[in-house]
Amino acid sequence: MATLTTSGGSVGSYLTAFDRLEGGRAHEPAWLRAIRRSAAGAFERLGIPTTRDEEWRFTNVAPIADNPFVSAPPVAVSEEAAARFVVPGIGGPVVAFVNGRYSRELSTLDTPLPGVTTTTLADALERDPARLEPHLGRHLNFTDRPFAALNTALFEDGALVVVADNTVVEQAIQLLFLSTVTPAPSVSHPRVLVLVGRNSQARVIETFAGIGPSRGFTNAVTEIVVGAGAVVDHYRLQRESESAFHIGHTQFQLGRSSTSSSHNVAFGGLIARHDAVAVLGDEGANCTLNGLYLADGVRLIDNHTEIDHAMPHGTSHEIYKGILDGRARGVFNGRIRVRPDAQKTDAKQTNKTLLLSDDAQVNTKPQLEIFANDVKCTHGATVGQLSEEALFYLRARGIGLDDARSLLVRAFATDVTGKIALEPVRTELDHLLAAKLPGTLAEMAFV
Amino acid sequence: MLEIKNLRARVGNKEILKGIDLVVKTGEVHAVMGPNGSGKSTLAGVLAGRAEYEVIEGSVTYDGHDLLALEPEERAREGIFLAFQYPVEIPGVNNAYFLKAALNAVRKHRGEPELDAMEFMALIRGKMKLLDMDQALMSRPINEGFSGGEKKRNEIFQMAVLEPTLAILDETDSGLDIDALKVVANGVNALRSPERSAIVVTHYQRLLNYIVPDYVHVLSEGRIVRSGGKELALELEDKGYGWIETALERA
Ligand SMILES: Nc1ncnc2c1ncn2[C@@H]1O[C@H](COP(=O)(O)OP(=O)(O)OP(=O)(O)O)[C@@H](O)[C@H]1O
Ligand SMILES: [Mg+2]
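Worth saying up front: this structure is predicted, and the values here are computed from it rather than measured.

J.: Is there a simple way to explain the overall build of chain B in this structure?
T.: Looking only at helices and strands, chain B features nine helices and twelve strands. The globule rule puts the C-alpha radius of gyration for 251 residues at 18 Å, and the 18 Å found for chain B is close to it. The principal-axis extent of the C-alpha atoms belonging to chain B is close to 60 × 40 × 35 Å. In chain B, which comprises 251 residues, the proportion classed as buried is 52%. Of the contacts made within chain B by residues no fewer than 6 positions apart, 69% connect residues no fewer than 24 positions apart.

Okay, structure coming up:
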């Protein structure tokens, strides 16, 4: 693909990287190399989007396009530094990566869970590529998603979680992606594949976190395949540094009568964008897409969601809540597609934004594309401020202004935090939120 | 304890309090009555520090300090408690959590140690009994979905926990059935002591049968037009506010 290297700017440099890696990928299975080539082609065609692209209208990623991110040199992270980003009280395995590289020291994979395989993607590709072939890169459609295409073309490592059929996994599995300060801002393309067998239950926590004021770029893709009758809870905690760039895509592929819930939290990043896409690919699937994001300063957080009701009797529930302070910007775009076959679909979408300052701004847009006639589909969006009445009530009982404000912000978040079934994550999330807010009540458990 | 001098306050361009003078001494209970829209809630709100009211003249001294210079939370910590005429519903904030935060803010200000969850629960258990409060209300969001009576009871319950030195009750009796009224009055009377005072805003004599005031004032169009002992309330019940207004016109 020598011609690709002539493209200009960072698109060109990514493609150069692709060419360079391509040479060393002789060991990769042919099917994967074919997918990668097609992804590189898609990325070359699409380029890095501009605000002229409808999907990126309010999110200007020029700082990502203009930045010559490099591959990070190895960086050591202490266990103490990493521990801050592991949700406490879970007890399950942790697979940790530093700037995209697997870290054996920070991972705990010694006690395997029965019926569960947790490993690095690179390892799995070497040992058992046949298991990945039907899934890796097959569920998400990268032809119109430049960053997902870029990840597919360039990913080097990540995690694989496989849960056998009829297996209830008690402990949640944690995947930790740390970004550190590097001599020059660096890029990583972590890739995750989660395969949950028929009638099984599993919970996966993905944390993307910055250690120190990283100015790097994380471009993550996760595919989650939920077998028939299976139940999967997915938690995504984006805690990048406030100067970092983060683009993520999580793809849920739901089997017959399966249930997935996604709890997508975004607190970090200078520019952060996440696309959550759920395809209800068989009858009677149930999907929850919830999200909570908080931005202040001049940061921007963009959440795009897409629920594709492809088959009948599916349900989807979606609540996204945004908290914006300073001159921060929020973007929410919620697409719900109900295909002609998807009769008896029940879809509900809510988007609420709390503006804590006059200069904060949100652009919110529901996108309902309904091609079936016997469906229930509701959506609502509100943008508001803290209630003066409520603030006065709290203050009139002796609670200081800062505490009163942060109580009300935490209360606003409970629609999302309160719906987290896994107690340690629920508590952790409330703590993280409280820590972002002024006041003295952070230590009091709220949800 | 509380000294209000020529207090004038407005909302926007509308003057609502047009020169109030009132002195409440330690240990006294004052009832404030008067027709709808006469300014009773405005007076209560100004004392508690509600921001939309602008004081344009006069002064309020509380325990020798300028009350109007304090933020609402500082007033609360200094022992002022307003039982709201319309308690606010706050979805997502658990009642018990809120009250513990409030109590500890007040205790901290008083130099008392903060209570942990166990100590707090022990304390409120007794107060719940006093106010005949349903335990379930404690784990619900503040006032959300509470009946009118439950909201009022919750106000007095909060008061019982916070033990203010000056309680201002704004129509706490309206919306209560007779049993609830007795319970609420009990709660208020339990706090009565030579160190504490109260201002009780009401339209009805019946509350004053249970919370017997030392003084009764009638507010009309932003002024106190008449003050007297507890028998003034009886007279008002009998003759209505028209009687005072006519008397004023004649004078
Ligand atoms: N925030 C406000 N904005 C505009 N007008 C107000 C506001 N608050 C009070 N007022 C007006 O001030 C006047 C006095 O109101 P206030 O609530 O103090 O009366 P009140 O004596 O408590 O009446 P009620 O017995 O009905 O409770 C009324 O005419 C009311 O409409
Ligand atoms: Mg009133």
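J.: Looking at this structure, how should I read the packing of aromatic side chains?
T.: Residue and element names in this part refer to chain A. Summed over all chains, the structure comprises twelve aromatic pairs over all chains. Look at Phe69 and Phe245: their rings are 5.9 Å apart centre to centre, the planes differ by 70°, and that puts the pair in the edge-to-face class. On the criterion of sequence distance, the pair formed by Phe69 in the loop between α3 (62-65) and α4 (79-83) and Phe245 in strand β11 (residues 245-254) is long-range, its members being 176 residues apart. When sorted by exposure, Phe69 lands in the same class as Phe245, which is buried. Three or more aromatic residues link up through ring pairs in this structure, and these residues are Trp56, Phe69, Phe147, Phe217 and Phe245. Seen from the ring of Phe155, Arg36 lies directly overhead, with NZ or CZ sitting 4.1 Å from the centre.

J.: I would appreciate a short explanation of the coordination of the magnesium ion (ligand 2) in the present structure.
T.: Put simply, the ideal angle at a metal is 109.5 degrees for four donors in tetrahedral geometry and 90 or 180 degrees for six donors in octahedral geometry. Residue and element names in this part refer to chain B. Around the magnesium ion (ligand 2), the protein contributes the donor atoms Ser41 (OG) and Gln85 (OE1), which lie 2.0 to 2.2 Å from the metal centre. Separated by 44 residues along the polypeptide, Ser41 in helix α1 (residues 40-48) and Gln85 in the loop between β6 (80-83) and β7 (90-94) bring together distant segments of the chain. A relative accessible area of 28% means that Ser41 is categorised as partly exposed. Look at Gln85 and you get buried, because its relative accessible area is 16%.

J.: How do you make sense of the interface of chain B and chain A when you look at a structure like this?
T.: Bring the parts together and some accessible area is lost; that lost area is often taken as the interface size. Across the contact, 31 residues belong to chain B and 21 residues belong to chain A. Roughly 2200 Å² is buried in total at the junction of chain B and chain A, and carbon and sulfur atoms are behind 66% of that figure. Between chain B and chain A we count four salt bridges in total. Here Arg397 of chain A ties to Glu155 of chain B by a salt bridge, and the two come within 2.7 Å at their closest N and O atoms.

J.: Teacher, can you tell me more about unusual backbone geometry here?
T.: Peptide bonds are mostly trans, and most non-glycine residues show a negative phi. Even without being glycine, Asn99 of chain A reaches a positive phi, approximately 50°. In this fold, Asn99 of chain A is placed in the loop between β1 (94-98) and β2 (101-108). A relative accessible area of 8% places Asn99 of chain A in the buried class. Even without a glycine there, the phi angle at Glu221 of chain B is positive, about 45°. By the element assignment, Glu221 of chain B lies in the loop between β11 (215-220) and β12 (223-228). Residue Glu221 of chain B is classed as exposed on the basis of its relative accessible area of 56%.

J.: Help me out: how do you make sense of the site of ligand 1 in this one?
T.: Residues and elements named next belong to chain B. Inspection of the region around ligand 1 gives 16 residues, with Lys14, Lys40, Ser41, Thr42 and His203 positioned closest. Between an oxygen atom of ligand 1 and a main-chain N or O atom of Gly39, the distance comes to 3.0 Å. At a separation of 2.5 Å, an oxygen atom of ligand 1 approaches a polar side-chain atom of Thr42. Considered on its own, ligand 1 offers 630 Å² of accessible surface; in the complex 67% of this is hidden by protein.

J.: Could you clarify how one ought to interpret the pairing of strand β1 (residues 2-11) of chain B in this entry?
T.: All names here are of chain B. As judged from the seven bridges shared by β1 and strand β4 (residues 54-62), these two strands associate in the antiparallel manner. When the bridges of β4 are listed, Glu3 appears paired with Thr61. Summarising the sheet, β1 and strand β2 (residues 14-24) pair through eight bridges and their orientation is antiparallel. Bridge pairing in β2 links Ala9 to Leu17. Turn length for the β1-β2 hairpin, with the two strands adjacent in sequence and antiparallel, is two residues, and the turn residue Gly12 shows positive phi of about 55°.

Rules behind the numbers
- Residues numbered from 1 in each chain as written.
- Chains lettered and ligands numbered in written order.
- Predicted model: local features only at pLDDT ≥ 70, side-chain atom pairs only at ≥ 80, totals over all residues.
- Heavy atoms only, no water.
- Helix = DSSP H or I, 4+ residues; strand = E, 2+ residues; numbered from the N terminus.
- Rg over C-alpha atoms; globule rule 2.2 N^0.38 Å.
- Buried < 20%, exposed > 50% of the residue type's maximum accessible area, 1.4 Å probe, protein only.
- Contact = heavy atoms within 4.5 Å.
- Phe/Tyr/Trp six-rings, centres within 6.5 Å; stacked < 30°, edge-to-face > 60°.
- Lys NZ or Arg CZ within 6 Å of the ring centre and 35° of its normal.
- Donors = N, O, S within 2.8 Å, 3.2 Å for Na, K, Ca; no water.
- Buried area = accessible area lost by both parts, 1.4 Å probe.
- Salt bridge = Lys/Arg side-chain N within 4 Å of Asp/Glu carboxyl O.
- Near = heavy atom within 4 Å.
- Polar contact = N/O pair within 3.5 Å; in protein donor to acceptor, adjacent residues only side chain to side chain.
- Areas by Shrake-Rupley, 256 points an atom, 1.4 Å probe, with all protein chains shown as cover.
- Pairing = 2+ DSSP bridges.

These figures capture arrangement, not role.
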